[in-house]
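Examination of the molecular architecture
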Amino acid sequence: MAALVSSTEQESDRCGSEEENRGVEAGDGGQQQQTGPAAPGGSRLSKLPLARIKALMKTDPDVSLASQESVFIIAKATELFVEMIAKDALVYAQQGKRKTLQRKDLDNAIEAVDEFAFLEGTLD
């Protein structure tokens, strides 16, 4: 049972709270959430440059148009992915008594976590 709780806690640490994932601010009063690059209070909902992500999406020959919402979703998914792999790699850096992530930490995280299996061999 304790393993289930710690696994659940670890997932919530990786992905943040539900409100953070949706970009809802406290006291929103049920208003429609903003999916653009900036929230009403001036804080950004996306940490990555949306114009750059849109340009990268358009490099795919199958993509001719990309809506603002789709670009934002790709940006948010990318942020969460980078956060998750960085946190997993940080565990290996801390085991080596280091504060700086190294390539070997990323390699170890990729080998240890099944969700990262598609990345095996990409850092070679």
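Anyway, here's the lowdown on the structure attached to this text. Since we're looking at a predicted model, the values are computed, not measured.

1. Quick notes on the overall build of the protein chain
The secondary structure content of the protein chain amounts to five helices and zero strands. Out of the 124 residues belonging to the protein chain, those deemed buried represent 20%. When contacts within the protein chain are restricted to residue pairs at least 6 apart in sequence, long-range pairs at least 24 apart make up 37% of them. Carbon and sulfur atoms make up 55% of the accessible area of the protein chain, which amounts to about 9,000 Å² in all.

2. Let's talk about the pattern of salt bridges
Here the structure, examined in full by the defined rule, presents five salt bridges. A salt bridge links Glu-83 to Lys-87; its shortest N-O distance comes to 3.1 Å. Residue Glu-83 and its partner Lys-87 are located together in helix α4 (residues 68-95), separated by four residues, close to a single helical turn. One connected set of salt bridges, linked through shared partners, spans Arg-103, Asp-107 and Asp-124.

3. Concerning the environment of Ala-51
Within the element layout of this structure, Ala-51 appears in helix α3 (residues 50-58). The exposure class assigned to Ala-51 is exposed, which follows from its relative accessible area of 63%. Separated by 21 residues in the primary sequence, Ala-51 and Phe-72 place their C-alpha atoms 9.9 Å from one another.

What counts as what
- Residues numbered from 1 in each chain as written.
- Predicted model: local features only at pLDDT ≥ 70, side-chain atom pairs only at ≥ 80, totals over all residues.
- Heavy atoms only, no water.
- Helix = DSSP H or I, 4+ residues; strand = E, 2+ residues; numbered from the N terminus.
- Buried < 20%, exposed > 50% of the residue type's maximum accessible area, 1.4 Å probe, protein only.
- Contact = heavy atoms within 4.5 Å.
- Areas by Shrake-Rupley, 256 points an atom, 1.4 Å probe, with all protein chains shown as cover.
- Salt bridge = Lys/Arg side-chain N within 4 Å of Asp/Glu carboxyl O.

Interpretation note: all reported values are geometric properties and have no functional meaning in isolation.
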